[in-house]
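What the coordinates show
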There are 2 protein chains.
Amino acid sequence: MKYCVGADIGGTTIKLGIIDEEGALISKWEIPTRKGENGLLFMKDIADEIRKAFAEKDDISMEEDVLGVGIGIPGPVLPDGYVEVCVNLDVKDIYPAKLLSDLLGGMPAKVANDANVAALGEMWQGAGKGHDSICMVTLGTGVGGGIVNEGRIVPGTHGAGGELGHMRVVDDEPEQCNCGGHGCLEQYASATGIVRVAKRMMASCSDESRMREIEDLSAKDVCDLAKDGDELALRSLSYSMDKLAFILSHIALATDPQVFVIGGGVSRAGTFLTDMISEALGRYQSIIKADKYDVALATLGNNAGIYGAAKLMFPD
Amino acid sequence: MKYCVGADIGGTTIKLGIIDEEGALISKWEIPTRKGENGLLFMKDIADEIRKAFAEKDDISMEEDVLGVGIGIPGPVLPDGYVEVCVNLDVKDIYPAKLLSDLLGGMPAKVANDANVAALGEMWQGAGKGHDSICMVTLGTGVGGGIVNEGRIVPGTHGAGGELGHMRVVDDEPEQCNCGGHGCLEQYASATGIVRVAKRMMASCSDESRMREIEDLSAKDVCDLAKDGDELALRSLSYSMDKLAFILSHIALATDPQVFVIGGGVSRAGTFLTDMISEALGRYQSIIKADKYDVALATLGNNAGIYGAAKLMFPD
């Protein structure tokens, strides 16, 4: 049996996992992200953790049985593994895979963007299992995206592959997105965006809604009330998911995946949400048969990144 | 020296070419598309033509020096080479590559959509030379598109890869697109679309324009007058190219190519047109640095399909 390590590096913690060639997660653990020295500190921690983990496993030889380490990084990664800047990790101008490989005595390593790696993980062992071309959207504080085509991540030549969250969906948005742009998908379909749309809708009409009674409205509240039949909440959430479906209709005619996978905190709203997205997708384009495209809930949760990072190192 | 054959099958004619491994077009010719027997007639013609062509070339052995035949087809092609239907060729339920290969005694063959094959051709020997990830848009009677990622066509799992022409760009379009949808890019940025937009703009205002004096207005007229400073023509063409740039801004955040290649009859307007698209692209998204993306004119013209079809058979 062969094994790979997946390292999903976040701004606060690093998730590590050992996965076998059949996709079983043998062990997983977390360590804090120790910033500084342009990434060298947390890279050393990762290398130490990997050595320690295999030293404790009598049945696995790190030299003979481990194919390599895959890394997910929260920032743009060029196809050759170069990371110009990654604000959350306080690093600049590095080749993370080369760095880690050197620290591990030449063990093979690869790196990709964290959202892209999560998409690869869902394709391999999650909602996309059995498929080789998927598009994953993560609806969290922001909107992340990853495209996998014929089994491989589409990193993009500038590291912007699958950056669905910053595609323009509204032309006359006065408020600015975190990216500096206006009218990005993230401003409507992220958890923050869903609340923003709901508040805006409440302000623009006097329709009754139980949303008005909630002081610190959350995306979960909007979803729960929409499910519960609150009309304004439903209208508001439909608007947000319609913007998402608009973008998915473009992806359907760009890389044309078998399945769209919806993850992130907002996806806890379940099939109510994916049904809404699927219906809107069908409205957007007559040559897209909505029943051709599965809109599925992500199944790996926070482990998607570990799976995908490890999968970088397994042969196709 | 090794050679491949490219066959670009259109509804009226089939373009054939022999290309060597260095990308030189050794010979090219055309035959009429003889429809009938579910594609068997023109496939036999292609096989005969190929045998005849190599029989005339003393320096090339068809058995030893020819790697195979690539085919471009005007319809959706699934990743496994299956063509469900191709209206212009009057064929249904066929595997064109297998068919041709059988007719040529087992010579290797591959098939892909014609717009995708043209994109591959431009990547290899045209405006995308030196790059491996491009997006090509053909502005003709319709709007065709093809995406090449890391040297390979993105066919799409339903054969809809790179179908930019039918991405929705306008929400409230009353007129129907040829595809049955409403508000497709093709309705604004194709040659027909450019004229439609111009006529609509003329009807909606009383601004003076030399376009009003032309009885049978063409896309070329609109482009020529826009170049010449006719304000309404310029506004109209800018509107059309803005819709195209909107879609390209989404592709920039989906597959993130190095270069956008603009081909088709409308592209004869030259750098005036690509400059206009490039400027609009930069406006659409702040995280897309417009100067990162080259918007280039296609250079292979009608030969792009032959080049791309042949390239299907050359190793990467």
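Residue numbers here run from 1 along each chain, matching the order of that chain's written sequence. Following the order in which they are written, the chains are lettered starting with A and the ligands numbered starting with 1. Only residues with pLDDT of at least 70 are given local features in this predicted model, and only at 80 or more are side-chain atom pairs given and counted; all residues enter the totals for whole chains, interfaces and linings.

**Overview of the overall build of chain A**
Only DSSP runs of H or I covering at least 4 residues are called helices, and only runs of E covering at least 2 are called strands; the numbering of each starts at the N terminus. Counting secondary structure elements, chain A contains 10 helices and 12 strands. This radius of gyration counts C-alpha atoms alone. The globule rule is 2.2 Å times how many residues there are, raised to the power 0.38. Taken over C-alpha atoms, the radius of gyration comes to 20 Å for chain A, in line with the 20 Å a tight globule of 316 residues would show. Its C-alpha atoms put chain A at 65 × 40 × 35 Å along the principal axes. Three classes are used. A residue is buried when 20 or more other C-beta atoms lie within 10 Å of its own, exposed when 12 or fewer do, and partly exposed in between, with C-beta atoms placed from the backbone. Counting across all 316 residues of chain A, residues that qualify as buried make up 54%.

**Topic: the sheet that holds strand β8 (residues 134-139) of chain A**
Residues and elements named next belong to chain A. Pairing within the open sheet is mixed, and its five strands lie in the order β10-β9-β8-β11-β12. Only two strands of the sheet have a single neighbouring strand rather than two, namely β10 (152-153) and β12 (294-297). Sheet topology note: the strand β11 (residues 259-263)/β12 ladder contains four bridges and is parallel. When the sheet's bridge partners are listed, F260 is paired in β12 with V295. In this description, strands pair whenever DSSP reports at least two bridges between them.

**Re the domain arrangement of chain A**
The parts lose accessible area when they come together, and the size of an interface is often stated as this lost area. Residues and elements named next belong to chain A. Residue ranges assigned to the domains are those given by an automatic or database domain assignment. Parsing chain A into structural domains produces domain 1 (3-122 + 303-311) and domain 2 (130-299). Each of domain 1 and domain 2 was reduced to a C-alpha centroid, and the two centroids are 29 Å apart. Within the residue set of the side of domain 1 that touches domain 2, elements represented by two or more residues are β7 (109-113) and α4 (114-125). No other element matches the six residues that α4 contributes to the side of domain 1 that touches domain 2. Of the residues assigned to the side of domain 1 that touches domain 2, the class counts are 10 nonpolar, two polar and one charged. Three classes are used, and their members are as follows: Ala, Val, Leu, Ile, Met, Phe, Trp, Tyr, Cys and Pro are nonpolar, Asp, Glu, Lys and Arg are charged, and the others, Gly among them, are polar.

**A closer look at the confidence of the model for chain A**
pLDDT runs from 0 to 100 and stands for how confident the predictor is about each residue. Chain-level pLDDT for chain A is 95 on average; 98% of the residues reach the 70-or-more range. Two numbers describe this predicted complex: its pTM, 0.95, and its ipTM, 0.95.

**Regarding the relation of the copies chain A and chain B**
Superposing copies: least-squares fit, C-alpha atoms only, residues required to have pLDDT of at least 70 in both. When chain A is brought onto chain B, the operation consists of a screw motion whose angular component is 180° and whose axial shift is 0.0 Å, with 0.0 Å RMSD remaining. Interpreted geometrically, this transformation is the action of a two-fold axis. By the criterion used throughout, residues are in contact when their C-beta atoms, derived from the backbone, lie within 7 Å. Both copies share a contact surface, since 100% of the interface residues of chain A are interface residues in chain B too.

**Here we look at the sheet that holds strand β4 (residues 66-73) of chain B**
Residue and element names in this part refer to chain B. Read across the sheet, five strands follow the order β3-β2-β1-β4-β7 without closing on themselves; strand pairing throughout is mixed. With one partner strand each, in any of the chains shown, β3 (25-32) and β7 (109-113) form the two edges of the open sheet. Across the sheet, the mean angle separating the axes of adjacent strands is 20° when strand polarity is ignored. The sheet contact formed by β4 and β7 spans five bridges and is parallel. By the bridge assignment for β7, G70 is matched with K110. Here, axes are lines fitted to C-alpha atoms. For helices the fit covers the stretch in contact, and angles between N-to-C directions go from 0 to 180 degrees. Across the face of the sheet, helix α1 (residues 40-55) comes into contact with β1 (3-9), β2 (13-20), β3 and β4 while running at roughly 35° to β2.

**Structural notes on the interface of chain A and chain B**
The interface of chain A with chain B comprises 34 residues on the first partner and 34 residues on the second. Mapped onto the side of chain A that touches chain B, the elements with two or more residues apiece are β9 (143-149) and α8 (231-252) of chain A. With five residues, the top contributor of residues to the side of chain A that touches chain B is α8(A). Counted by class, the side of chain A that touches chain B contains 14 nonpolar, 16 polar and four charged residues.

**Some words on the nonpolar core**
Within the largest apolar cluster, 215 residues are counted, with the highest numbers of intra-cluster contacts made by A:L100, A:V222, B:L100 and B:V222. Look past the residues within four positions of A:L100 in its chain and what remains in contact with it is A:M43, A:I46, A:A47, A:V69, A:I71 and A:A109. To count as a nonpolar core, a set of buried Ala, Val, Leu, Ile, Met, Phe, Trp, Tyr and Cys residues must be joined through C-beta atoms within 7 Å.

**A word on helix α3 (residues 96-103) of chain B**
Residue and element names in this part refer to chain B. Most of α3 sits out of view: six of its eight residues are buried. All of the buried residues along α3 are P96, A97, L99, L100, S101 and L103. Summarising the contacts, the buried residues of α3 are in contact with α1, β4, β5 (83-86), β6 (91-94) and β7.

**Here we look at the pairing of strand β6 (residues 91-94) of chain A**
On any regular strand, side chains alternate: one points to one face of the sheet, the next to the other face. All names here are of chain A. Two strands pair when backbone bridges link them, and strand β5 (residues 83-86) and β6 are joined in this way by three bridges, in the antiparallel orientation. The partner of V85 across the bridge, within β6, is K92. Linkage of β5 to β6, two consecutive antiparallel strands, is achieved through a turn of four residues, within which D90 is found at a positive phi near 60°.

**Comments concerning the environment of A:V83**
Residue and element names in this part refer to chain A. Mapped onto the secondary structure, V83 falls in strand β5. Each C-alpha atom of the pair V83 and I73 lies 8.9 Å from the other, and the pair is 10 residues apart in sequence. Non-local contacts of V83, meaning those with residues more than four positions away in its chain, are made with I73, G75, V77, V91, I94 and P96.

**Details of the pairing of β11(A)**
Residue and element names in this part refer to chain A. In terms of burial, β11 is a largely internal element, five of the five residues being buried. Covered by surrounding structure in β11 are V259, V261 and G263 together with F260 and I262, the residues of both alternating faces. Pairing geometry for β8 and β11, over five bridges, is parallel. Residue pairing for β11: I134 is matched across the bridge by V259.

**Re helix α6 (residues 191-204) of chain A**
What a helix is expected to span follows from its residue count: subtract one and scale by 1.5 Å. When the terminal C-alpha atoms of α6(A) are compared, their 20 Å separation across 14 residues agrees well with the 20 Å that a helix rising 1.5 Å per residue should span. Where the residues of α6(A) are buried, they touch β8, α5 (186-189), α7 (219-227) and α8 of chain A.

**Describing the environment of B:P32**
In this structure, B:P32 sits in strand β3. Sequence spacing of B:P32 and B:I9 is 23 residues, and the spatial spacing of their C-alpha atoms is 9.5 Å.

**Focus on the packing of helix α7 (residues 219-227) of chain B against helix α8 (residues 231-252) of chain B**
All names here are of chain B. Where α7 contacts α8, the two axes come as close as 7 Å, and the packing angle between them is 120°. Seen along the crossing, α7 lies across α8 with a hand that is left-handed. Where α7 abuts α8, its residues V222, C223, L225 and A226 lie against A233, L234, S236 and L237. Tallied by class, the residues present in the contact of α7 with α8 amount to seven nonpolar, one polar and no charged. Should the near helix be turned counterclockwise from the far one by less than a right angle, the crossing is left-handed, whereas a clockwise turn marks it as right-handed.

**Structural notes on unusual backbone geometry**
Peptide bonds are, in most cases, trans, and in most cases residues other than glycine have a negative phi. Residue and element names in this part refer to chain B. Even without being glycine, E37 reaches a positive phi, approximately 50°. Following the sequence through the fold, E37 ends up in the loop between β3 and α1. The exposed category is assigned to E37, around which 12 C-beta atoms lie within 10 Å. Phi is positive for N38, close to 50°, though the residue is something other than glycine. With respect to the helices and strands, N38 occurs in the loop between β3 and α1. Take N38: there are 14 C-beta atoms within 10 Å of it, and that puts it in the partly exposed class.

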